[in-house]
Amino acid sequence: MAIFSVYVVNKAGGLIYQYDNYVPRAEAEKTFSYPLDLVLKIHDEKVVVSFGQRDGIRVGHALLSINGVDVNGKFTADGKEIIEYLKDSTNYPVSIRFGRARLSSNEKLMLASMFHSLFAIGSQLSPEVGSSGIEMLETDMFKLHCFQTLTGIKFIVLADPRQSGIDALLRKIYEIYSDFALKNPFYSLEMPIRCELFDQNLKGALEIAEKAANFGPGS
């Protein structure tokens, strides 16, 4: 069981804090001879597989490294253009590592804003007045849990579907936010949270939740 990440979204839908606690890496590395028997394309400034699933490599997987050199967008870390490099037969055999594309900061901002809108839509679709909005979304790989405060701040946790104690964890994160962000004289409401004590206490709360899922009586 694991807690994957934490998001804090302000009442306007802006992402003010994000922390990746555990990112499962479903990666596959394989040595290829020429010609490459996968079809690659550029998508969102990343090189991804568009056709040719095999040996754990899936359509949509991004190219992460070539011959042990990490990839940055359409280029390797040493400045080589990936698509052109892989067209050259003299560069083979070549070892390529594939995996799920990492979210950029801009993508995380966009996704937080999208969830804010979905939360509002969920409230409006409710047959009853005063609906709280989306509190949980479930997939086969993770559950998204959301707790919105009276002031409109949303605390979002992505966790393993089997992870228990998330409701207590969300309220613990709210308590940490109140103690180490709101009480910080240098923090401005609705702005990004940059506070070392907040970071430290959040990480401690996540460790406790993963091990025991318990924050004392009433949790």
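Computed from a predicted model, the values in this text were never measured in an experiment.

Reading the values: rules and limits
Residues numbered from 1 in each chain as written. Predicted model: local features only at pLDDT ≥ 70, side-chain atom pairs only at ≥ 80, totals over all residues. Heavy atoms only, no water. Patch = residues over 30% accessible without salt bridge, like charges linked within 9 Å, V, L, I, M, F, W, Y side chains within 5 Å. Areas by Shrake-Rupley, 256 points an atom, 1.4 Å probe, with all protein chains shown as cover. Salt bridge = Lys/Arg side-chain N within 4 Å of Asp/Glu carboxyl O. Buried < 20%, exposed > 50% of the residue type's maximum accessible area, 1.4 Å probe, protein only. Helix = DSSP H or I, 4+ residues; strand = E, 2+ residues; numbered from the N terminus. Expected span 1.5 Å × (residues − 1). Contact = heavy atoms within 4.5 Å. Core = buried A, V, L, I, M, F, W, Y, C linked by side-chain atoms within 4.5 Å. Arc of directions from axis to C-beta. Pairing = 2+ DSSP bridges. Domains from an automatic or database assignment. Axes fitted to C-alpha atoms, helices over the stretch in contact; angles between N-to-C directions.

## Quick look at a nonpolar patch on the surface
On the surface, Leu 103, Met 110, Leu 111 and Met 114 cluster together into a nonpolar patch covering about 350 Å² of accessible area. Leu 111 sits in the partly exposed class, given a relative accessible area of 38%.

## Details of helix 2 (residues 105–125)
With 21 residues, helix 2 should reach 30 Å at 1.5 Å per residue; the first-to-last C-alpha distance of 30 Å fits that figure. Within helix 2, the full set of buried residues consists of Glu 107, Lys 108, Ala 112, Phe 115, His 116 and Phe 119. Buried residues along helix 2 sit in contact with strand 1 (3–9), strand 2 (15–20), strand 5 (46–51), strand 10 (136–138), strand 11 (143–148) and strand 12 (154–159).

## As for the nonpolar core
By size, the foremost hydrophobic cluster in this structure holds 25 residues, and its most contacted members are Ile 3, Phe 155, Val 157, Leu 169, Tyr 177, Ile 193 and Phe 198. Every element with two or more residues in this core is listed here: strand 1, strand 2, strand 12, helix 3 (166–182) and helix 4 (196–211). Looking at this core element by element, the count peaks at 7 residues for helix 3. When sequence neighbours within four positions are dropped, the list of residues in contact with Ile 3 reads Asn 21, Tyr 22, Val 157, Leu 158, Ala 159, Gln 163, Ile 166, Leu 169, Leu 206, Ala 209 and Glu 210. Among the nonpolar cores identified, the runner-up in size contains 19 residues, and Leu 38, Ile 83, Leu 86 and Ile 96 belong to it.

## Describing helix 4
Across its 16 residues, helix 4 extends 23 Å between first and last C-alpha, which sits within 8% of the 22 Å expected from 1.5 Å per residue. Turning to helix 4, its buried residues are Phe 198, Leu 202, Ala 205, Leu 206 and Ala 209. Considered in projection along helix 4, the buried side chains sweep an arc of 100° and stay on one side of the axis. Seen from the open side of helix 4, the exposed residues pointing more than 90 degrees away from its buried face are Glu 196 and Lys 211. The inward-facing, buried residues of helix 4 contact strand 1, strand 2 and helix 3.

## Focus: the environment of Lys 11
Relative to the elements of secondary structure, Lys 11 occurs in the loop between strand 1 and strand 2. For Lys 11, a relative accessible area of 52% corresponds to the exposed category. As a C-alpha pair, Lys 11 and Thr 149 span 138 residues in sequence and 9.5 Å in three-dimensional space. Apart from the residues lying within four places of it in its own chain, the contact partners of Lys 11 are His 116, Thr 151, Gly 152, Ile 153 and Glu 190.

## So, the pattern of salt bridges
For the structure on display, the rule yields 11 salt bridges. Ionic pairing is found between Asp 20 and Lys 108, a salt bridge with its closest N-O pair at 3.0 Å. Of this pair, Asp 20 sits in strand 2 while Lys 108 is found in helix 2, placing the two residues 88 residues apart along the sequence. Residues Lys 74 and Glu 45 are paired through a salt bridge, measuring 3.6 Å at the closest nitrogen-oxygen approach. Residue Lys 74 is found in the loop between strand 7 (69–72) and strand 8 (75–76), and its partner Glu 45 is found in the loop between strand 4 (39–43) and strand 5; the two are separated by 29 residues along the sequence. On the basis of relative accessible area, Glu 45 is assigned to the exposed category, the value being 52%.

## Side note on the pairing of strand 7
Looking down a regular strand, the side chains alternate between one sheet face and the other. As defined by bridge partners, strand 6 (residues 62–66) adjoins strand 7 across 2 bridges and the pair is classed as antiparallel. Bridge pairing links Ile 66 to Val 69 in strand 7. One ladder, built from 2 bridges, connects strand 7 with strand 8; its direction is antiparallel. Across the sheet, Val 71 pairs through a bridge with Thr 76, a residue of strand 8.

## A look at the domain arrangement of the protein
As far as domains go, the protein holds domain 1 (3–23 + 104–214) and domain 2 (27–99). The centre of domain 1, based on its C-alpha atoms, is set 35 Å off from the matching centre of domain 2.

## Topic: the sheet that holds strand 11
Sheet strands pair by backbone hydrogen bonding; their relative direction is either parallel or antiparallel. If you walk across this open sheet you meet the 5 strands as 2-1-12-11-10, and the pairing is antiparallel. Both outer strands of the open sheet, strand 2 and strand 10, are each paired with one neighbouring strand and no more. Neighbour to neighbour, the strand axes of the sheet diverge by 10° on average, direction disregarded. Judged from the 6 bridges that link them, strand 1 and strand 12 form a sheet pairing that is antiparallel. Counted as the bridge partner of Tyr 7 is Ile 156 from strand 12. The strands touched by helix 3 within the sheet are strand 1, strand 11 and strand 12, with strand 12 carrying the most contacts at an inclination of about 135°. Across the sheet, helix 4 touches strand 1 and strand 2, and the angle it forms with strand 2 is around 50°.

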